Amino acid sequence: MTRTDTLAQALNIDAVVEGKARLSFADALRLYHEAPLHDLGRWANAVAERIHGTEVRTYVIDRNINYTNVCTARCTFCAFKRRGDEDDAYTLDRETLHRKIAELVAIGGTQILLQGGMNPDLPIEFYEEMLRAMKADFPQVHIHGFSPPEITELVAIAEIDGFPTTAPRRSGELPQDVWEAKCEAIIKRLMAAGLDSLPGGGGEIFADHVRRRTGQGKASAEHWLTVMRLCHKLGLHTSATMMFGHIEGIADRIDHMQRLRDAQDQAINHNWPARYVSFISWPFQRENTPLGRLPEYDVESDEPFAGDVLAEKVYAGEVDGMAKAACDAAVPEAGKIVRRASANEYLRMQAISRLFLDNFHSIGSSWVTMGPKIGQMGLYFGASDMGSVMMEENVVSAAGTTYCLNEEVLCHLIRDAGYTPAQRDNRYNVIKLHNTNTAPDRKVTDWSQHRAKKLHIESTPCDSNEPDNNTPITLTINR
Ligand code: SF4
């Protein structure tokens, strides 16, 4: 019996692939450390094929619109936020917002990803008016907007009859029942104004011993999960995310997914009208960020990574992860050194996410941070969706690498991987199946005009109709 056979038998992998058994926390850790990458991909792909079939892989045409970059949080991985008094701090006006949506509609887009910082100067009426105006002019466009940190800031500062306010970032001072009631009122108002679903931004890593060093002032894990739970109860579908490859231990990544799987179980068991629809993970991008200035762990080192050492102590119950002093005393180096994720590592985690998150419909591949070819490879490691044809991205691009692909290239990548590309909507319904000669990629006669482009750091809209003045990344089109 091979090593893989022994592992597969011990973890009951055949049953996991068939959806008849679950990986435990310990199983997932063991998979991470012992499974060959190829086998992980093979198993994760089998799960994706069971759920999504063997023929079609999807993408969506949407546009990231970051309506404000003013934010009270101090995330150490963020190069996007501004305090509000800088020259380049902004809140977009209605004309700019609507021009961006009109450009999206012109290329066949169906959705906007509308997110901003935790801006304490914007009352809830600002959000309601923004949503109503968008819906009035673009009723067909799905608004996927406002991740849990923005909702959490509204719980702090929004003036709503019958509810108290707090200083920005201080919503945690409210009693839990008041916090939840106010949050529910906010979500209801945003839904009434036109919000269609809530993206899972701001998830990063939930574990408190990591989060207090990476997401200072933003929604705690408990608040993040509570916002999503209330969304599911109220009928607003959501997505979930994980940003890894920084100070966290491997066990922290599994813990993150465990909390999401448990929350999804709760939504399913209660038969709530909505739930998490998708999960996407990506590695931390370090440029221009405080976290990125930390020294980097040498993966060839004989010394264990401090983040792993602390995580093991926390999950073994030896250290209270909520107690900063105890964590600092137990592993002083934890949080002071980063371990970046390679492409190999990214594919490994994505495959494990597909195997572990057995109650999630879709796993997305993150070509935005990993590049087109690794994004394409993700389709063999459990991903069933290539995410978005992205016209604009501001947050990750401010921290370094992002890419911008047009529809022709994205369709080609999916077809080149052996699948038929299909444009989907937010709920993963197929809108257009590209199985004829009129498919976007099949109409292309000169691929030199369709090279992927690097997003400019100020995120000049990367419209496929615009001349390519940026340096093309290396992308081989196999026709
Ligand atoms: S990641 Fe989001 S919440 Fe954190 S500082 Fe940046 S804009 Fe603010």
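Residues numbered from 1 in each chain as written. Predicted model: local features only at pLDDT ≥ 70, side-chain atom pairs only at ≥ 80, totals over all residues. Heavy atoms only, no water.

What to know about the packing of helix α7 (residues 148–157) against helix α10 (residues 221–234)
Under the convention used in this document: Structural elements are reduced to axes, namely lines fitted to C-alpha atoms, with helices fitted over the stretch in contact, and the angle between N-to-C directions of any two is expressed from 0 to 180 degrees. Each helix corresponds to a stretch of at least 4 residues labelled H or I by DSSP, and each strand to a stretch of at least 2 residues labelled E; elements are numbered beginning at the N terminus. Any angle that falls under 35 degrees is termed roughly parallel, while one over 145 is termed roughly antiparallel, one within 65 to 115 roughly perpendicular, and all others oblique. Contact definition: two residues touch when any of their heavy atoms are within 4.5 Å. Ten residues, namely Ala, Val, Leu, Ile, Met, Phe, Trp, Tyr, Cys and Pro, are considered nonpolar, four, namely Asp, Glu, Lys and Arg, are considered charged, and the remaining ones, Gly among them, are considered polar.
Put simply, α7 and α10 touch, their axes get as near as 9 Å, and they point 95° apart. Between α7 and α10, the crossing angle belongs to the class labelled roughly perpendicular. Between α7 and α10, the residues in contact are Pro 148, Pro 149, Ile 151 and Thr 152 and His 223, Trp 224, Val 227 and Met 228, respectively. The class makeup of the residues in the contact of α7 with α10 is six nonpolar, two polar and no charged.

Looking at the UniProt feature "domain: Radical SAM core" (unreviewed entry) in the protein chain
To keep things clear, this is the line we draw: UniProt positions are given in the numbering used here, feature names are shortened, and annotations may be inferred rather than shown by experiment.
Under the present numbering, the feature "domain: Radical SAM core" (unreviewed entry) in UniProt falls on residues 57–320. The span residues 57–320 is 40% helix and 16% strand, and its two end C-alpha atoms sit 43 Å from each other.

Quick word on helix α1 (residues 3–10)
The test is simple: Only protein chains enter the accessibility calculation, which uses a 1.4 Å probe. A residue is then buried if its area is under 20% of the maximum for its type, exposed if over 50%, and partly exposed in between. It is the directions from the helix axis to the C-beta atoms that the arc portrays.
When α1 is considered as a whole, its buried residues turn out to be Thr 4, Leu 7 and Ala 8. Here the buried residues of α1 occupy an arc of 100° about the axis, which is enough to place them on one side. As for α1, its buried residues are in contact with α2 (13–18), α3 (25–34) and α4 (37–52). Just past α1, the residue Asn 12 takes up positive phi, approximately 55°.

Overview of the pattern of salt bridges
For clarity, the threshold we go by: Salt bridges, as used here, are contacts in which a Lys or Arg side-chain nitrogen is within 4 Å of a carboxyl oxygen on Asp or Glu.
In this structure the tally under the stated criterion is 28 salt bridges. A salt bridge links Asp 39 to Arg 42, with the nearest nitrogen and oxygen atoms 2.7 Å apart. Of this pair, Asp 39 and Arg 42 are both found in helix α4, three residues apart, which corresponds to roughly one turn of the helix. A relative accessible area of 43% places Arg 42 in the partly exposed class. A salt bridge links Arg 229 to Glu 180, with the shortest nitrogen-to-oxygen separation between them at 2.9 Å. Highlighted residues: Arg 229 in helix α10 and Glu 180 in helix α8 (residues 176–193), separated in sequence by 49 residues.

Description of the site of the ligand
In plain terms, the rule: Residues are classed as near a molecule or strand on a simple rule: at least one heavy atom within 4 Å of it.
Close contacts around the ligand come from Cys 71, Ala 73, Cys 75, Phe 77, Cys 78, Phe 80, Lys 81 and Lys 218, and that covers them all. Taken together, the residues of the shell around the ligand break down into six nonpolar, no polar and two charged.

Details of the confidence of the model for the protein chain
Rules: For every residue, the predictor assigns a confidence score, pLDDT, that lies between 0 and 100.
Chain-level statistics for the protein chain give a pLDDT mean of 91 and a share of 91% at 70 or above. The low-confidence segment residues 454–479 (pLDDT under 50) makes 54 contacts with residues lying over four places distant or belonging to another chain.

Concerning the pairing of strand β8 (residues 276–283)
The cut-off we apply is this: Two strands qualify as a pair provided DSSP detects at least 2 bridges between them. Look down the strands so they point away from you; if the path from the first strand over the helix to the second goes clockwise, the crossover is right-handed.
A large share of β8 lies buried, amounting to six of its eight residues. Relative to β8, strand β7 (residues 237–244) runs parallel, the two being bridged by seven bridges. Bridge pairing in β8 places Thr 241 opposite Ile 280. Note on the crossover from β7 through helix α11 (residues 250–269) to β8: the handedness is right-handed.

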